[in-house]
Amino acid sequence: MKPSRLKIAPKVPTKPPITPARSKQALMTSRDRDPVQVYCRIRPLDVPSDDSCVTVLSDTVVQVVPPETSQGYRSGTTKATQYTFTGVFDEKTTQKPIFHTVTLPLIEDLLHGKNSLLFAYGVTGSGKTHTMNGELQDGGIIPRCLDVIFNSIGHYQAKKYIFKPDKMNSFEIQSEIDALSERQSEAQTSNKFKTPARRGQENEGPRVTDATRISALDEDQAYSVFVTFVEVYNNTVFDLLDDTPIDPLRPGKIQSKILREDQHHNMYVHAVTEVEVKSADEAAEVLAKGQKRRRVAHTTLNAESSRSHSVFNIRVVQAPLDYQGAIPEKVLTVGQLSLVDLAGSERNSRTKTTGERLREAGSINNTLMTLRSCLEILRENQLNGTNKMVPYRDSKITHLFKSYFDGEGKVRMIVCVNPRADDYDETLSVMRFAEMAQEVQIARAVQPNIRLEATPRATPAGRDALLPGRRKANRVLTEAYRKLEQGGISNPQSEVPFDIDMVFSAARCSWPPLELQSASDDRLITALVEYLQVRIRDQQSRREQQMKKCVEVRTLIREMEEELILKRQENLSLNEQLKDERSRCQTFENRVLNAESANATLQRHVLEHQKYARLLEEELKEKDCLLNQGEMEIQHVKAKEKTKRQLEREKLKKELDRYKQVESQLQRQTERFLVMRDLLDAGCSVKVPGTSGSSESESRTPSIGATHRVSDPRVVGTPSLRGPVVSTRKRRSRSVDPGKGWIDHRPENTLETDTVFQPQMNRAKSITKLVDSKTITDPKVSKYVLTTQEQDSSGEIETKLYKGDVLTTVGGGAQVVLQDVEILRHSSPTAAKRHSDGRLKDVHSRVADIENRCGYAIEGHGRVKKHCP
C-alpha cells in the first residue's frame, strides 16, 4: 500500500484578501518599510574613442551630459544632470563585486526563508543579459547564486524527491519509500539534461565557479532547491523547461501558461515545470536548456537582442529534522528568489524593425510602461495617502510579481546603461525611471513563526520543543551504534541504550577516537563510558551553578522591584506635571482650532469674492461684446447713410448735367433759328419738300448725329439727335481703399465686364471659394467684395459687386458685414427699347419720328416764298 502524502503550505501565513491599492502598504509606517534599492552599472564602450555622455562622480552619483547630437541639446537643454543610486559600478567593475554587493544579501535571506526580487532594467544593448548570465570564465548573477547556495547547503540537503511540488505553488513531503521509487525511475530514464552549458560556448572549457559560502545556517534543517524558468513573450507566458511544449488543442502551437493566485493570495505560473537540482552544475545545465529555447533576434542595435522577458525562480524548501534525523510531516518553510532579465526598450526609428520584430518591440515597450505606471501609482499612494488602483493586471510581468510590490519580500533593481552619446535620450529616460523607483517604499516582510510539532517518540524526556544540535547528536549516535555493530553487538540500540541528553551534551564538545582496533577490544567502550560520565558530572556542576545564578537573579529582581516602587512614586509627581502640561496644550489646541475656523471663514469669503469677481468679469465681457456689436451697427448705419448721400449727390449731379445739356441744346437751336431768320430776311427762299421749283434746297433724311435748323420758333424745344458723348476716362470706383487689403470673391467662369467704370482694388486676394477661415482672419485684410453676374429682362449682362467690411469677433474669428452694392450693366445701342405701353421700340423708328417732327415744323414756317434780290 502506498503511503499517503501530506501537502505542506509555503512559508507565507494566511492573510485576508488584498485591496486594490494594498491597505497593508497604507498602514505601514516608514520604519516598517524599505525603499527599492537601485544600482547602476555602466557598460564599457564598444569603441573606446566614441563619445560618452555618462560620468561616474562617486560610488553613488553619476552625471549625464547631453551631447550635441541629442534632441535636448538641439532644443536648448545643455545642463548636465546628476542622479543618485544605492551603488554605482563603472566600466571596469567585474561581475564578482556586483554579485557580492547586490545579490549576496538576497541569497542569505533566501536561505532563511525570505523572498526577494531582482530585475535588470535598461535599453536594448546595455548589458542586462550579460549582467544576469555572464560568461563561463566570469559568471553572472544567476550562476553565482547557484554556486553560493550549494556551497552553503551542500551537507544539509535532503534526499531527492522528499519534497515534491504540487503544481499549485505548494509542496508536499513524501515518505522515504516514495522518494526512493522516484529516484529509481529517474535513474532508468537518465540523460535527461544533456544541453550544453551555454549557446555557442561548448568549446570554451569548464565553468569557473564562485567559492563564496553563507556560514550562518541552521544545521538542523534539511534543504532542497527547486528552479523554474519561464519567459513572457508578447505578454504571454511560456515554460522554457517543458519537454512537451506543444499545445494538444492547437497542434503546431507552443502551449502557454496562465497566472493564478494561490490560497495565500500569491501569484504563480500554473502547472510550470519545477526541477529539483542537487548541485550547481546540474542547475547550470537546466539554466542552459532554458536559455537555448529563449527567443532572441538580430536588430540594428544588438546582434542577439532578447525578444522576451525571462524569469528564473530559485525556491529553497527547508524543514527541521527531529531527534532521529527524520523530517516531520508537519513543518515546511519556502523562500523564493526571482531573477528577472527584462527585455530592453527600443525605438523603431533607430532599430528599423518591421513585421514580427516590430510587434515584439511594441509588446516589450508596453510591459515596461506598465511597470513604470505601477511604480508611479505606488509612490503617489504612499506620498499622498491615496488609494488608487494599481494596474498590475495590464501586464503579465507586473501581475506575476504583484505580491513583491505589496510587501512579501525585498525588491532590488540593476539599471544597465550604455554611455554612448547616441543613446543619450534613451539613457535619460532610464535614469528618470530609476530615480522615481527609489522613492517607492516596500513593506518589510515578516518572518513567519514556524510551529514545530514533534512526535512523542522523538521528544526528549521532560522537553516539549526541539533543541539545537539534533543533526550532530544524531550523527554521533548513529556512528556509535555502527561501531557497536562492527564490534559484534547485534542490536546495540537495546543492549547499550544512550540518554539523548547525554548525547546532546557530548555533541557540544570533542569526542575521543571511536575507532575499534579489534573486536575484542573493550577499551573504546570503557573510554566512551568514562568520557560520558565526566560529561554528566560536568553537567551536574553546571546545573548547580545555574541554581546559584537563579538565586542571584531573584535577589536582583527584588532590588529592581524596590527601585520600581520608588520610580512609581516619582512618576506620580511627574503625572501631575504632565496633566498641567496637557491642560496648557489643550488651551493652545483650542486657540489653534479657533484660528483655523477663522482662517476657514476667511477662505470662504475669499472664494466668494473670487466667484463674484469671475461673474463681474463675465458680465464685463458680455458688455464689451454688446459694445462691439453696437459699434458695428453704427458703422453699418454710417456706411448706409454715406452711400445714400453719395447716391443723392450723384443723382443731383446727373439732373444738373441734364439741365445743362438741355440748356445748351436750346441755345444751339436758338442760334440756328437766328441764322435761318437772317437767311429769310436776306431774300433766300426755302422750299418745303414736295413742291416744284428751284432745286436749291434739298430734302435730307436726318441721321443720327445730324443737326436740323428750323425757322419756326416753335421747334426750338425739339432736341436734336446726336451720338452719345462718352468720356473715355475710367472713373475710379468708390470701392477703392488704398490703405487696406481686399478679398475678391469671384466665382469661376466670370465674364470680364470691360466697362468704362471698373472697380480698382489694391492688394486684392482673389479667391473662388471660402474654404479656410484663415483667409478672412488674416490681419492684412479688412475689405470684402463678392462679384455675381446674371441676365436682366432685356437679355443683357448685369454685374453686381456686394461690398462689405471684415470685422474681428470677440471669440478671435471674423465676420463680413455687407455695406452696399454696385451694379454694372452692358447695353447695346442697337438693342430694342420699349414704349411706355410695353411695346419694343428700335432706334430707326425713333429717328423717323424726329425727322417727321422737324419736317412739319419747317413746312409750317416756309409757306411764304421770298426771293432774294
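It should be emphasised that the depicted structure is a prediction, and the values quoted were computed from it without experimental measurement. (Residues numbered from 1 in each chain as written. Predicted model: local features only at pLDDT ≥ 70, side-chain atom pairs only at ≥ 80, totals over all residues. Heavy atoms only, no water.)

1. Regarding the sheet that holds strand E23 (residues 741–745)
Pairing between the strands of a sheet is mediated by backbone hydrogen bonds and can be parallel or antiparallel.
Phase 1 of the analysis: Reading across the sheet, the 5 strands line up as E24-E23-E25-E26-E27 and stay open at both edges, with mixed pairing between neighbours. Of all the strands in the sheet, just strand E24 (764–767) and strand E27 (814–825) have a single pairing partner and so form its edges. Here the average twist between neighbouring strands, direction ignored, is 20 degrees.
Phase 2 of the analysis: For E23 and strand E25 (residues 781–791), the ladder comprises 5 bridges, and the chain directions are parallel. (Pairing = 2+ DSSP bridges. Helix = DSSP H or I, 4+ residues; strand = E, 2+ residues; numbered from the N terminus. Axes fitted to C-alpha atoms, helices over the stretch in contact; angles between N-to-C directions.)

2. Section: the pairing of strand E21 (residues 410–417)
Phase 1 of the analysis: Within E21, 7 of the 8 residues are buried, which leaves it mostly tucked inside the rest of the structure.
Phase 2 of the analysis: Of the strand pairs in this sheet, strand E3 (residues 37–42) and E21 are connected by 6 bridges, and their pairing is parallel. What sits directly across from Val38, in E21, is Met413.
Phase 3 of the analysis: Relative to E21, strand E8 (residues 116–121) runs parallel, the two sharing 6 bridges. Its bridge partner lying in E21, Leu117 is registered against Val411. (Buried < 20%, exposed > 50% of the residue type's maximum accessible area, 1.4 Å probe, protein only.)

3. Notes on the environment of Tyr223
Phase 1 of the analysis: Among the structural elements, Tyr223 can be located in strand E11 (residues 221–233).
Phase 2 of the analysis: Taking the C-alpha atoms as reference points, Tyr223 and Ala158, separated by 65 residues in sequence, lie 5.5 Å from one another.
Phase 3 of the analysis: The residues touching Tyr223, leaving out its near neighbours within four places in the chain, are Leu111, Ile153, Tyr156, Gln157, Ala158, Leu217, Asp218, Lys278, Val316, Val317 and Gln318. (Contact = heavy atoms within 4.5 Å.)

4. A word on the sheet that holds strand E5 (residues 61–64)
Phase 1 of the analysis: With antiparallel pairing, 3 strands are arranged side by side in an open sheet as E4-E5-E6. Single-partner strands in this sheet number two, and they are strand E4 (54–56) and strand E6 (81–84). Neighbour-to-neighbour, the strand axes of this sheet turn through a mean angle of 25 degrees, independent of strand direction.
Phase 2 of the analysis: The sheet contact formed by E5 and E6 spans 4 bridges and is antiparallel.

5. Details of the pattern of salt bridges
Phase 1 of the analysis: Applying the stated criterion across every chain, the model contains 29 salt bridges.
Phase 2 of the analysis: For Glu274, the salt bridge identified is with Arg315, shortest N-O distance 2.9 Å. Of this pair, Glu274 sits in the loop between strand E15 (267–269) and strand E16 (275–277) while Arg315 is found in strand E19 (residues 309–320), placing the two residues 41 residues apart along the sequence.
Phase 3 of the analysis: Overall, Arg315 belongs to the buried group, its relative accessible area being 7%.
Phase 4 of the analysis: Taking the shortest distance from any N to any O, the salt bridge between Lys388 and Glu380 comes out at 2.6 Å.
Phase 5 of the analysis: It is possible to trace a salt-bridge network through shared partners that takes in Asp138, Arg144 and Asp210. (Salt bridge = Lys/Arg side-chain N within 4 Å of Asp/Glu carboxyl O.)

6. Details of the packing of helix H5 (residues 141–153) against helix H7 (residues 280–293)
Phase 1 of the analysis: Where H5 contacts H7, the axes come no closer than 9 Å and their chain directions differ by 155 degrees. Here H5 lies roughly antiparallel to H7, going by the angle between them. Every pair of crossing elements has a handedness; the one defined by H5 and H7 is right-handed. Where H5 abuts H7, its residues Ile142, Leu146, Asp147 and Phe150 lie against Ala280, Ala283, Ala284 and Leu287.
Phase 2 of the analysis: Across the contact of H5 with H7, the residue classes break down as 7 nonpolar, no polar and 1 charged. (Parallel < 35°, antiparallel > 145°, perpendicular 65-115°, else oblique. Left-handed = near helix turned anticlockwise from the far one by under 90°. Nonpolar A, V, L, I, M, F, W, Y, C, P; charged D, E, K, R; others polar.)

7. Quick look at the packing of helix H3 (residues 95–111) against H5
Phase 1 of the analysis: Direction vectors running N to C along H3 and H5 enclose 50 degrees, while the axes themselves pass 10 Å from each other. The angle between the axes of H3 and H5 places the two elements in the oblique class. For H3 against H5, the interelement crossing comes out right-handed. Residues Gln95, Lys96, Phe99, Thr103, Leu104, Ile107, Leu110 and Leu111 of H3 form the contact with H5, whose participating residues are Ile141, Arg144, Cys145, Val148, Ile149, Ser152 and Ile153.
Phase 2 of the analysis: A class-by-class count of the residues in the contact of H3 with H5 yields 10 nonpolar, 3 polar and 2 charged.

8. Describing the nonpolar core
In a soluble, globular protein the nonpolar side chains are often hidden away together inside.
Phase 1 of the analysis: Formed by 54 residues in total, the largest nonpolar core has its most connected members in Phe85, Phe119, Leu375, Phe401, Phe405 and Met413.
Phase 2 of the analysis: Broken down by element, the residue count for this core peaks at 8 residues, all from helix H12 (residues 424–437).
Phase 3 of the analysis: With near-sequence residues (within four places) excluded, Met413 lies in contact with Gln37, Val38, Tyr39, Leu118, Phe119, Tyr121, Phe433, Ala434 and Ala437.
Phase 4 of the analysis: The next biggest cluster of nonpolar side chains, apart from the first, holds 43 residues, and it includes Leu104, Met132, Val227 and Ala280. (Core = buried A, V, L, I, M, F, W, Y, C linked by side-chain atoms within 4.5 Å.)

9. Structural notes on helix H13 (residues 470–486)
Phase 1 of the analysis: The end-to-end C-alpha distance of H13, which contains 17 residues, comes to 24 Å, matching closely the 24 Å that a straight helix rising 1.5 Å per residue would cover.
Phase 2 of the analysis: Every buried residue belonging to H13 is among Arg470, Arg471, Ala473, Asn474, Val476, Leu477, Ala480, Tyr481, Lys483 and Leu484, and all of these are buried. (Expected span 1.5 Å × (residues − 1).)

10. Structural notes on a negative patch on the surface
Phase 1 of the analysis: Where like charges cluster on the molecular surface, the negative patch consists of Asp50, Asp51, Glu68 and Asp422.
Phase 2 of the analysis: As for its position among the elements, Asp51 is in the loop between E3 and E4. (Patch = residues over 30% accessible without salt bridge, like charges linked within 9 Å, V, L, I, M, F, W, Y side chains within 5 Å. Areas by Shrake-Rupley, 256 points an atom, 1.4 Å probe, with all protein chains shown as cover. Lys, Arg positive; Asp, Glu negative; His and termini not counted. Charge placed at Lys NZ, Arg CZ, Asp CG, Glu CD.)

11. Topic: a nonpolar patch on the surface
Phase 1 of the analysis: Taken together, Tyr612, Leu615 and Leu616 make up a surface patch of nonpolar side chains, about 300 Å² in accessible area.
Phase 2 of the analysis: The residue Tyr612 is located in helix H16 (residues 523–681) in this model.

12. Side note on the packing of aromatic side chains
For any pair of aromatic rings, the description rests on two quantities: the centre-to-centre distance and the angle between the ring planes.
Phase 1 of the analysis: For the structure shown, the criterion picks out 5 aromatic pairs.
Phase 2 of the analysis: Residues Tyr121 and Phe433 carry aromatic rings whose centres are separated by 4.4 Å and whose planes lie at 35 degrees to one another, so their mutual orientation is tilted. In this pair, Tyr121 sits in strand E8 while Phe433 sits in helix H12, placing the two residues 312 residues apart along the sequence.
Phase 3 of the analysis: Relative to Phe226, the ring of Phe171 lies with its centre 4.9 Å away and its plane at 50 degrees, an arrangement referred to as tilted. Residue Phe171 is found in strand E10 (residues 171–173), and its partner Phe226 is found in strand E11; the two are separated by 55 residues along the sequence. Grouping residues by exposure puts Phe171 and Phe226 together as buried.
Phase 4 of the analysis: Over the face of the ring belonging to Tyr233 we find Arg295, whose NZ or CZ atom lies 4.2 Å from the ring centre.
Phase 5 of the analysis: Sitting over the face of the ring of Phe238, Arg295 holds its NZ or CZ atom 4.7 Å from the ring centroid. (Phe/Tyr/Trp six-rings, centres within 6.5 Å; stacked < 30°, edge-to-face > 60°. Lys NZ or Arg CZ within 6 Å of the ring centre and 35° of its normal.)

13. With respect to unusual backbone geometry
Phase 1 of the analysis: If you check the backbone angles, Tyr161 has positive phi at about 70 degrees while not being a glycine.
Phase 2 of the analysis: Following the sequence through the fold, Tyr161 ends up in the loop between H5 and strand E9 (163–165).
Phase 3 of the analysis: We classify Tyr161 as buried; its relative accessible area is 17%.
Phase 4 of the analysis: Residues other than glycine seldom take positive phi values, yet Asn169 does so here, at roughly 70 degrees.
Phase 5 of the analysis: Inspection of the secondary structure assignment puts Asn169 in the loop between E9 and E10.
Phase 6 of the analysis: Residue Asn169 is classed as buried on the basis of its relative accessible area, which comes to 13%.

These figures capture arrangement, not role.
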